[in-house]
Amino acid sequence: MLVGSGERRRTAVDSTASTTVDRMQTQKSSVLLPTAVVLFGIGLIAALLLIVPPIRNSGTATVTVLYILSLGAPIGFLLGLVFALLSGRRSK
């Protein structure tokens, strides 16, 4: 066979490898991670706002709302941890 003759070598294709790749590419993304990131961000911002003295001394309702919103940080962290554990690869 000549090198430049236009013929190509055919190689055997492993059908199980291609279906595994197809399954990995078509797998739906989880809503857990974006939810965790948003909750963590809201909680972090609310916790930082609680440190600011004018906001902290403004009134009971504002401080209560910020305190409740700041609970989003640990909840978001736990959801992110659950996502990491569920999406991790299993060892063989």
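Treat the numbers as computed from the prediction; the structure is a model and nothing was measured. (Residues numbered from 1 in each chain as written. Predicted model: local features only at pLDDT ≥ 70, side-chain atom pairs only at ≥ 80, totals over all residues. Heavy atoms only, no water.)

Student: I tried to follow the overall build of the protein chain on my own but got confused; where do I start?
Tutor: Along the protein chain, the regular secondary structure elements total 5 helices and 0 strands. Element order for the protein chain, N to C, with α for helix and β for strand: α-α-α-α-α. When burial is assessed residue by residue, the protein chain has 10% of its 92 residues classed as buried. Within the protein chain, counting contacts between residues at least 6 apart in sequence, those at least 24 apart form 62% of the total. Of the accessible surface of the protein chain, which amounts to about 8200 Å², a share of 66% is contributed by carbon and sulfur atoms. (Helix = DSSP H or I, 4+ residues; strand = E, 2+ residues; numbered from the N terminus. Buried < 20%, exposed > 50% of the residue type's maximum accessible area, 1.4 Å probe, protein only. Contact = heavy atoms within 4.5 Å. Areas by Shrake-Rupley, 256 points an atom, 1.4 Å probe, with all protein chains shown as cover.)

Student: Just to check I follow, could you spell out a nonpolar patch on the surface for this structure?
Tutor: Judged by side-chain polarity, Phe-40, Leu-44, Leu-48, Ile-51, Phe-77, Leu-78, Leu-81 and Leu-85 come together as a nonpolar surface patch covering roughly 820 Å² of accessible area. Listed by contribution, the elements that provide at least two residues to the nonpolar patch are α2 (32-51) and α5 (72-87). The topology assignment puts Leu-78 in helix α5. (Patch = residues over 30% accessible without salt bridge, like charges linked within 9 Å, V, L, I, M, F, W, Y side chains within 5 Å. Salt bridge = Lys/Arg side-chain N within 4 Å of Asp/Glu carboxyl O.)

Student: Just checking my understanding: could you explain α5 for this structure?
Tutor: Each α-helix winds once per 3.6 residues, and so residues spaced three or four apart point in a common direction. Here α5 contains 16 residues, and its C-alpha end-to-end distance of 22 Å stays within 8% of the 22 Å for a straight helix at 1.5 Å per residue. For α5, every residue scored as buried is listed here: Gly-72, Ala-73 and Gly-76. Buried residues of α5, seen end-on, are gathered within an arc of 95 degrees and therefore sit on one face of the element. Residues of α5 that are exposed and point more than 90 degrees away from the buried face comprise Phe-77, Leu-78, Leu-85 and Leu-86. Each element contacted by the buried residues of α5 is listed here: α2 and α4 (60-70). (Expected span 1.5 Å × (residues − 1). Arc of directions from axis to C-beta.)

Student: Mind showing me how you'd approach the environment of Ile-55 here?
Tutor: Inspection of the secondary structure puts Ile-55 in helix α3 (residues 53-56). With 11 residues separating them in the primary sequence, Ile-55 and Leu-66 have C-alpha atoms 9.5 Å apart. Apart from the residues within four sequence positions on either side, Ile-55 is in contact with Leu-49, Thr-62, Val-63 and Leu-66.

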